[in-house]
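Now for the letters of each chain:
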Amino acid sequence: DIGFYFVSFQYVLLGVILILKLYGGYPGMSVGEIVRTKGNEVLTTLPEASVVDVARLMSDRRVGLVVVCSEGGRVLGVISERDIVRAVAINTDNIATLAVEDLYTRDVQTCSPSNDARDIMRIMHEGRFRHMPVVEHGNLKGLVSVGDILEYLKEQSELHSNSEAWEELNFL
């Protein structure tokens, strides 16, 4: 049931925000540190790409979002699983003819490597989205997700012997 997953996701986000407030995060909890830890590979596409091709890429690579960039590499927006599901629901008969530019999210928030991950988590929670492109001097440097921040926090809690912070979220 889709409602169950959405509610569960919201509880996980609230739990992480609570842990961040209680423990204040960890030194070096910048977006850049998280990207360095997880890697900076980001799937990108051009606006004129086929929605079907991008959906296949997302399925093959098991990702929920692809960053849409211009020929010069400037971030234009993102296309997510949610965008594609909406397009299928609305354009059932002609989904194969749609291009990414027909449906990608243009008003996308980005962050920089120097941003504090706690602030980015808060922005994602309030905006109800799970991924944010990391941009520095106009160049795409990576992508950070709620899952990336959770994983980083888990690793840091183990390194700093703060595992009691995760007792409430031990299902991760």
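Right, let's walk through the structure included here. Please read these numbers as outputs of a predicted model, since none were measured by experiment.

Thresholds applied
- Residues numbered from 1 in each chain as written.
- Predicted model: local features only at pLDDT ≥ 70, side-chain atom pairs only at ≥ 80, totals over all residues.
- Heavy atoms only, no water.
- Buried < 20%, exposed > 50% of the residue type's maximum accessible area, 1.4 Å probe, protein only.
- Helix = DSSP H or I, 4+ residues; strand = E, 2+ residues; numbered from the N terminus.
- Arc of directions from axis to C-beta.
- Contact = heavy atoms within 4.5 Å.
- Polar contact = N/O pair within 3.5 Å; in protein donor to acceptor, adjacent residues only side chain to side chain.
- Salt bridge = Lys/Arg side-chain N within 4 Å of Asp/Glu carboxyl O.

### Let's talk about helix α3 (residues 51–61)
Working step 1: When we look at burial in α3, the residues that qualify are V51, V54 and M58. Here the buried residues of α3 occupy an arc of 65° about the axis, which is enough to place them on one side. For α3, exposure combined with an orientation more than 90 degrees from the buried face picks out S59 and D60.
Working step 2: Summarising the contacts, the buried residues of α3 are in contact with β1 (44–45), β2 (65–69), β3 (75–80) and α4 (81–90).
Working step 3: Measuring from the backbone nitrogen of V52 back to the side-chain oxygen at the start of α3 gives 3.2 Å, which picks out S50 as the cap.
Working step 4: Looking at the residues trailing α3, positive phi occurs at R62, about 55°.

### Topic: the pattern of salt bridges
Working step 1: Across all of its chains, the model carries eight salt bridges by this definition.
Working step 2: For K38, the salt bridge identified is with D148, shortest N-O distance 3.3 Å. Taken together, the positions of K38 in helix α2 (residues 31–38) and D148 in helix α6 (residues 146–159) put the pair 110 residues apart, joining distant regions of the chain.
Working step 3: Taking the relative accessible area as the measure of exposure, K38 reaches 38% and is therefore partly exposed.
Working step 4: E41 serves as the salt-bridge partner of R61, at 2.4 Å between the closest nitrogen and oxygen. Remark: E41 occurs in the loop between α2 and β1 and R61 occurs in helix α3; sequence separation between them is 20 residues.

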